[in-house]
Amino acid sequence: MTVDPADADDILDRVGFEAERNVLTRRQAEVLCLREQGIAQAAIADWLGTSRANVSSVEKSARENVARARETVAFADALTAPVTLTIEPDTDLYDVPKQVYAACDDAGVKVEHAAPALMKRVSDAAGDAVSGRRVRDELLVGVTTDGTVRVRRP
């Protein structure tokens, strides 16, 4: 697939990317943008005049920066969330909604998820801290005033 540098520029402009206000460099944003469009690292390397290994390194750094930014947002949300609770190791995932709903009821906060969606949200966000129906590692669950659920490892 041919890489058109204008493709990345157009997309970054459309989504409002501003390097000075972002955790990603312009190059990282370009590489992520093109990779999300299905462009191979080798094609991006040809366009940039560099090696595929360099593109791989830029992409890896960009994805790590995005993960750190998400963790920072989750941490900041946890600081101000009116509902925070700890889910202990060996908790059955099916018991998590009851715990979250009880804490939210006590704080007068409405959760935006029904029980199955809440279990999926916790499981997806926890990664390998949840195995099957078991919580393997301690999790911190915060619920914002608008009912958004944030899950973090301590």
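Coordinates for the structure precede this section.
Just so it is clear, the structure is predicted and the values come from calculations on it, not from any experiment.

### Section: the overall build of the chain
Scanning the chain for helices and strands turns up six helices and five strands. Scanning the chain from its N terminus toward the C terminus, one meets helices and strands in the order α-α-α-α-β-α-α-β-β-β-β. Taking 2.2 N^0.38 as the reference for a compact globule, 154 residues should give roughly 15 Å; the C-alpha atoms of the chain span a radius of gyration of 20 Å, well beyond that estimate. For the chain, the spread of C-alpha atoms along the three principal axes comes to 55 × 30 × 25 Å. A burial count over the chain gives 36% of its 154 residues as buried. For the chain, contacts bridging at least 24 residues in sequence account for 58% of all contacts bridging at least 6. Surface exposure of the chain reaches about 9,000 Å², of which carbon and sulfur atoms provide 48%. Computing the positive centroid from 20 side-chain charges and the negative centroid from 26, the chain places the two 3 Å apart.

### Section: the pattern of salt bridges
With the rule as written, the count across this model stands at 14 salt bridges. For R27, the salt bridge goes to E30, with nearest N and O atoms at 3.1 Å. Of the two residues, R27 and E30 are both situated in helix α2 (residues 26-36); the distance of three residues between them amounts to about one turn of the helix. Residue E30 is classed as buried on the basis of its relative accessible area of 9%. One network of salt bridges, in which partners are shared, links D9, R26, R27 and E30.

### Points about the nonpolar core
Taken as a class, soluble globular proteins show a tendency for nonpolar side chains to be buried jointly. Judged by nonpolar contacts, the single largest core of 21 residues is most densely connected at V100 and L139. For this core, the secondary structure elements donating two or more residues are β1 (83-87), α5 (96-107), α6 (115-126), β4 (139-143) and β5 (149-152). Among the elements that take part in this core, α6 stands out by supplying four residues, more than any other. With 17 residues, the next largest nonpolar core counts A8, I11, C33 and L34 among its residues.

### Some remarks on the pairing of β4
Sheet faces and side chains relate simply in a regular strand, where the side chains alternate between the two faces. Among the five residues in β4, four count as buried, and that is most of the element. For β1 and β4, the ladder comprises five bridges, and the chain directions are antiparallel. By the bridge assignment for β4, T84 is matched with G142. Pairing of β4 with β5 involves four bridges; the strand directions are antiparallel. Looking at the pairing, G142 lines up with R150 of β5.

Each value, and the rule that gives it
- Residues numbered from 1 in each chain as written.
- Predicted model: local features only at pLDDT ≥ 70, side-chain atom pairs only at ≥ 80, totals over all residues.
- Heavy atoms only, no water.
- Helix = DSSP H or I, 4+ residues; strand = E, 2+ residues; numbered from the N terminus.
- Rg over C-alpha atoms; globule rule 2.2 N^0.38 Å.
- Buried < 20%, exposed > 50% of the residue type's maximum accessible area, 1.4 Å probe, protein only.
- Contact = heavy atoms within 4.5 Å.
- Areas by Shrake-Rupley, 256 points an atom, 1.4 Å probe, with all protein chains shown as cover.
- Lys, Arg positive; Asp, Glu negative; His and termini not counted.
- Charge placed at Lys NZ, Arg CZ, Asp CG, Glu CD.
- Salt bridge = Lys/Arg side-chain N within 4 Å of Asp/Glu carboxyl O.
- Core = buried A, V, L, I, M, F, W, Y, C linked by side-chain atoms within 4.5 Å.
- Pairing = 2+ DSSP bridges.

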